[in-house]
Amino acid sequence: MLVMGIETSCDETACAVIDDKKTIRSDIVFSQIKTHRKYGGVVPELSSRRHLETINDVIDLALRKARCNLEDINAIAVTFGPGLVGSILVGLTTANSLSFVYNLPLLGVNHLEGHIFANFIEHPNLSPPFLCLIVSGGHTCLVMVEDLGKYIIIGQTLDDAAGEAFDKVAKYLNLGYPGGPIIDTLAAKGNSSFVKFPRPNASSQDFSFSGLKTAVVNYVRDFHGRKNKRFIRDLVSSFQQAVVDTLVFKTLKAARKIGVNRIVLSGGVAANSCLRRFLEGAAKSEDIEIFMPSIHYCTDNAAMIACVGYYRFVEGAIVGILGNNLSADANLKFFINR
Ligand code: KG4
Ligand code: ZN
């Protein structure tokens, strides 16, 4: 059985083919960073155009690398939300057409469910129940995965997502786009106790990073010393530490409260070296198992979408949306709120 995954919800055009044993046959990700860099963020209109220009080549390449044809594929899994509606539509329309022409089942996948499942690709022994921290450009979400397909939201973003805070702080400091990896690199050489930024919303299970971003802006405005490279490194290191401390504190607190002893990390910000180190350290000190994807599977890719499709189609493990009348949903929700 071969499952093809297609992902176009933001600024990556991606296609992957996985086989029966969850083996990745091919995994192509075309990043649009070059297109959006000069604007300091993703421009939705340009993103959909770029997806249109590249999707056919990305699919061809994925098939070639997987050494198969469309006739060999048994099902197609595609992201239908949440994300940029014009971008999602490109992947969804393509998947829909292929499903129609080749008479293949079409499986609609929630992008966030994909991020959770990215962990199953490299950790075959991982199984629910576990607490998953999803930290991406658009979401910060603590989800209790009670079983495959059974999710309960424990806490979520009230304003800026963690990745959004990284990107906005980097943009304000003219560091480049995307801000997360740039700040990660600079912060490694900085002093994280240079500024004691607030650890937002400690008593709540939800997340709020917009006040922290304002605190950084205010600090820079009121600082009268030399704003040299060292200042920037110390500043972003202190900012990053505040984000990481908040994420780690709330995740561990929720795990303790629920009584779950397995934590899973996912989403683009899961690539952050400081978050990986501190979450791992905190979990181990409380005898909690910790799982995280390798860097490639933290950020957007289609293998994670195909992986959801595999569990749904091949194993019948989760009930999901199936059929050719799927529509793109920018604000797609599927989690049950606590
Ligand atoms: O999951 P993702 O690829 O796309 C969304 O679903 O949003 O996440 C992208 C986000 C961006 O905000 C980017 O700055 C952030 O992940 N990111 C990082 C790192 N690598 C990517 N944030 C902090 N540290 C990193 N190393
Ligand atoms: Zn994502």
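To be clear, the structure that these remarks concern was listed above.
Keep in mind the model is a prediction, meaning the values are calculated, not measured. Residue positions are given per chain, counting from 1 as you read along its sequence in written order. Lettering for chains starts from A, numbering for ligands starts from 1, and both go in the order in which the items are written. Selection of residues for local features in this predicted model requires a pLDDT of at least 70, selection of side-chain atom pairs for listing and counting requires 80 or more, and totals for whole chains, interfaces and linings are taken over all residues. By convention in this description, side-chain values take in all heavy atoms of the structure and omit both hydrogens and water.

(A) Representation of the overall build of the protein within the structure. In this text, helices come from DSSP runs of H or I with a minimum length of four residues, and strands from runs of E with a minimum of two, each type numbered from the N-terminal end. Scanning the protein for helices and strands turns up eleven helices and twelve strands. Here the C-alpha radius of gyration of the protein, 20 Å, is about what a compact globule of 338 residues would show, namely 20 Å. Projected onto its principal axes, the C-alpha coordinates of the protein cover approximately 65 × 45 × 30 Å. For the protein, buried positions account for 54% of its 338 residues. Taking contacts inside the protein between residues at least 6 apart in sequence as the whole, the part at least 24 apart equals 73%. Methods summary: accessible areas were calculated by the Shrake-Rupley approach with a probe of 1.4 Å, and residue burial reflects only the protein chains presented. Accessible surface, the protein as shown: approximately 14,600 Å² in total, 52% of it carbon and sulfur. Just to be clear, the radius of gyration here is over C-alpha atoms, and the globule rule we use is 2.2 Å times residues to the power 0.38. Three labels apply to residues, based on accessible area from a 1.4 Å probe with only protein chains included: buried if under 20% of the type maximum, exposed if over 50%, partly exposed otherwise in between. A contact between two residues is defined here by any heavy atoms of the two lying within 4.5 Å.

(B) Looking closely at helix H8 (residues 229–258). Taking 1.5 Å per residue as the helical rise, H8 with its 30 residues ought to reach 44 Å, and the 43 Å between its terminal C-alpha atoms agrees with that figure. Within H8, 21 of the 30 residues are buried, which leaves the element mostly enclosed by the surrounding structure. At the exit of H8 stands glycine 259, carrying a positive phi of roughly 85°. Each helix should span, by expectation, one fewer than its residue count multiplied by 1.5 Å.

(C) Spatial organisation of the packing of aromatic side chains. A pair of aromatic rings is counted whenever rings of Phe, Tyr or Trp (Trp by its six-membered ring) have centres within 6.5 Å, and the orientation is called stacked for planes under 30 degrees apart, edge-to-face for over 60 and tilted otherwise. The tally for this structure, following the rule as stated, stands at 14 aromatic pairs. A centroid spacing of 5.6 Å and a plane angle of 90° characterise the contact between tyrosine 310 and tyrosine 311, whose relative ring orientation is edge-to-face. Tyrosine 310 gets classed as buried once you look at its relative accessible area, which sits at 6%. Feature note: the residues Phe117, Phe120, Phe130, Tyr310 and Tyr311 constitute an aromatic cluster, connected by ring pairs. Across from the ring centre of phenylalanine 207, 5.5 Å away, lies the NZ or CZ of lysine 250, which sits over that ring. In this scheme, the term charge over a ring applies when either NZ of a lysine or CZ of an arginine sits within 6 Å of the ring centre and within 35 degrees of the ring normal.

(D) Quick look at the coordination of the zinc ion (ligand 2). Only N, O and S atoms count as donors, using a 2.8 Å limit from the metal and a wider 3.2 Å limit for Na, K and Ca, and since water is excluded some coordination spheres may look unfilled. Distances from the zinc ion (ligand 2) to its protein donors, His111 (NE2), His115 (NE2) and Asp300 (OD), fall within 2.0 to 2.1 Å. Linear spacing of the donor residues for the zinc ion (ligand 2) on their chain is H-x3-H-x184-D. Residue histidine 111 is found in helix H4 (residues 111–122), and its partner aspartate 300 is found in the loop between helix H10 (295–298) and helix H11 (303–313); the two are separated by 189 residues along the sequence.

(E) Geometry of the environment of serine 238. Within the secondary structure, serine 238 is located in helix H8. Through-space distance from the C-alpha of serine 238 to that of asparagine 191 is 6.8 Å; in sequence the pair is 47 residues apart. Ignoring sequence-local partners within four residues, the contact set of serine 238 consists of Asn191, Ser192, Ser193, Phe194, Val195 and Phe197. For this analysis, a polar contact is any N or O atom pair within 3.5 Å, provided that within protein one partner can donate a hydrogen and the other can accept it, and provided that sequence-adjacent residues contribute only side-chain to side-chain pairs. For serine 238, the side chain forms a polar contact with the main-chain nitrogen of valine 195, separated by 3.1 Å.

(F) Structural context of the pattern of salt bridges. A pair is scored as a salt bridge if a Lys or Arg side-chain nitrogen falls within 4 Å of a carboxyl oxygen belonging to Asp or Glu. Tallied over the entire structure, the rule returns 13 salt bridges. Note that lysine 150 is salt-bridged to glutamate 146, the shortest N-O span being 3.5 Å. Lysine 150 sits in the partly exposed class, given a relative accessible area of 43%. Judged by relative accessible area, glutamate 146 falls into the partly exposed class, the value being 34%. Two residues, arginine 199 and aspartate 245, come together in a salt bridge whose shortest N-O distance is 2.7 Å.

(G) Summary view of the site of ligand 1. The rule for a residue being near a molecule or strand is that one of its heavy atoms must lie within 4 Å of it. Neighbouring ligand 1 are 17 residues, the closest being Gly137, Asp167, Gly180, Asp184 and Asn272. Within the side chain of aspartate 184, an N or O atom sits 2.9 Å from a nitrogen atom of ligand 1. Here ligand 1 loses 88% of its free accessible area of 550 Å² to cover by the protein chains. Elements with a contribution of two residues or more to the shell around ligand 1: H4, helix H5 (162–172) and helix H6 (179–187). Residue contributions to the shell around ligand 1 peak at three residues, all from H6.

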